[in-house]
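Each chain, written out:
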Amino acid sequence: MASLVFRATSPSSASCLFSRGSLTHPSCISQRTVAPNAVKCERMEPVNGKPCVPVLNDNILPNLLQSKRLEKATNTNSGNTRLKIFSGTANSALSQTQGRESIAAKLVANLITEAGADRVLACDLHSGQSMGYFDIPVDHVYCQPVILDYLASKKICSNDLVVVSPDVGGVARARSFAKKLSDAPLAIVDKRRQGHNVAEVMNLIGDVKGKVAVMVDDMIDTAGTIAKGAAFLHEEGAREVYACCTHAVFSPPAVERLSSGLFQEVIITNTVPVTEKNYFPQLTVLSVASLLGETIWRVHDDCSVSSIFQ
């Protein structure tokens, strides 16, 4: 039985990634405004006894409404697991830095559980510790294999490659990426923030002279960190610079920074829908359809999910 993948309003973008092939069946929930600041969600087809996969990403309230609607419509005695594909990429409020500071991730975890989820499937969480906020099982999917396969197809000489972490916090991610990319050497851009979304490059740990530098991060928001890092890599003698990330948030002025000529190519996945106005010549968008579809099947068949990434 094919899983039903739901997204409020429209079955386009990330929610129907899975529609290619027979992994899952695309569907949608009708979302309409019934009064100022009031939203109503209605399912468009029967879901009784079927495994449902609501997609969460940008608008939390409609997503929770559609999840609750599916919970009411599905026969809870069927033994089918409902999942959430969580593509959120907020990097704030994941931990307390001051007394009595709220933790938004914990609040969202409680909301998702209360809305009827009994399992969560998450893509490249900014902070892995966020899984601990859930009281239900969480499957963490890494989108690295999709980007690695694409880079391998470019046939860049392994002796010319160096993987670069744009900040110290991303070293573990970059090290894992480098190990799988022909065991490439690692470099780190050391920078210190002067304010929110403002980064200042300080120095470089490692050697990039004459190399093809592949910068790896989980998300690109305003692109301040990765753009300044790329400029610094060019100053240090890097021949070409590639930017790779899973979640392309692209808050202004990200597109201007990324298309300024600093990057040979900007490689992202489609976990976050990219609007037409945010496309530029150097941008490459890779689909995570097969990866997430395979993960969903493994969850429903009680098979190992972690073995996909080994």
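Residues numbered from 1 in each chain as written. Predicted model: local features only at pLDDT ≥ 70, side-chain atom pairs only at ≥ 80, totals over all residues. Heavy atoms only, no water.

1. Quick look at the overall build of the protein
Then step 1. A count of helices and strands for the protein gives seven helices and 15 strands.
Then step 2. Looking at the 310 residues of the protein, the share that counts as buried comes to 48%.
Then step 3. Here the protein has roughly 14700 Å² of accessible surface; of this, 49% comes from carbon and sulfur atoms. (Helix = DSSP H or I, 4+ residues; strand = E, 2+ residues; numbered from the N terminus. Buried < 20%, exposed > 50% of the residue type's maximum accessible area, 1.4 Å probe, protein only. Areas by Shrake-Rupley, 256 points an atom, 1.4 Å probe, with all protein chains shown as cover.)

2. A short note on the pattern of salt bridges
Then step 1. Applying the stated rule across the entire model yields six salt bridges.
Then step 2. Here Arg 119 makes a salt bridge to Asp 139, at a shortest N to O gap of 2.6 Å. Of this pair, Arg 119 sits in the loop between helix H2 (104-114) and strand S7 (120-123) while Asp 139 is found in strand S8 (residues 138-141), placing the two residues 20 residues apart along the sequence.
Then step 3. For Lys 154, the salt bridge goes to Glu 265, with nearest N and O atoms at 3.1 Å. Linking Lys 154 in the loop between helix H3 (144-153) and strand S9 (161-165) with Glu 265 in strand S14 (residues 265-269), this pair joins segments that are 111 residues apart in sequence.
Then step 4. A residue is classified by how much of its surface remains accessible, and Lys 154, at 30% relative accessible area, is partly exposed.
Then step 5. Glu 265 gets classed as buried once you look at its relative accessible area, which sits at 8%.
Then step 6. Residues participating in the shared-partner salt-bridge network are Arg 173, Asp 217 and Asp 218. (Salt bridge = Lys/Arg side-chain N within 4 Å of Asp/Glu carboxyl O.)

3. Thoughts on the state of the cysteines
Then step 1. Within the structure shown, the criterion is met by zero disulfides.
Then step 2. Of all cysteine sulfurs, the one in Cys 143 lies closest to Cys 123, which takes part in no disulfide; the gap is 4.6 Å. (Disulfide = S-S within 2.5 Å.)

4. What about unusual backbone geometry?
Then step 1. Residue Pro 253 follows Pro 252 across a cis peptide bond; omega there is 0°.
Then step 2. The backbone of Asp 124 shows a phi angle near 40°, a positive value even though the residue is not glycine.
Then step 3. Considering the arrangement of structural elements, one finds Asp 124 in the loop between S7 and S8.
Then step 4. For Phe 250, which is not glycine, the phi dihedral falls at a positive 55°.
Then step 5. Secondary-structure assignment places Phe 250 in the loop between strand S13 (240-248) and helix H6 (254-258).

5. A word on the environment of Ser 306
Then step 1. Structurally, the position occupied by Ser 306 is in the segment after helix H7 (289-300).
Then step 2. When its relative accessible area of 45% is taken as the criterion, Ser 306 is described as partly exposed.
Then step 3. In terms of polar contacts, Ser 306 uses its side chain to reach the side chain of Ser 304, at 3.4 Å. (Polar contact = N/O pair within 3.5 Å; in protein donor to acceptor, adjacent residues only side chain to side chain.)

6. Concerning the confidence of the model for the protein
Then step 1. In this model, the protein carries a mean pLDDT of 77, and residues with pLDDT of at least 70 account for 64%.
Then step 2. For residues 77-82, every residue scores under 50 in pLDDT, and the model assigns this stretch 15 contacts once sequence neighbours within four places are set aside.
Then step 3. pLDDT under 50 marks residues 86-95. Its contacts with residues more than four places away, or in other chains, come to 33 contacts. (pLDDT = per-residue confidence, 0-100. Contact = heavy atoms within 4.5 Å.)

7. A closer look at the packing of H3 against helix H4 (residues 171-180)
Then step 1. Running from amino to carboxyl end, H3 crosses H4 at an angle of 45°, the nearest separation of the two axes being 11 Å. The orientation of H3 with respect to H4, classified from their angle, is oblique. The interaxial crossing formed by H3 with H4 has right-handed handedness. Note on element contacts: H4 touches H3 through Arg 173, Ser 176, Phe 177 and Lys 180, opposite Gln 144, Ile 147, Leu 148 and Leu 151.
Then step 2. For the contact of H3 with H4, a count of residues per class yields four nonpolar, two polar and two charged. (Axes fitted to C-alpha atoms, helices over the stretch in contact; angles between N-to-C directions. Parallel < 35°, antiparallel > 145°, perpendicular 65-115°, else oblique. Left-handed = near helix turned anticlockwise from the far one by under 90°. Nonpolar A, V, L, I, M, F, W, Y, C, P; charged D, E, K, R; others polar.)

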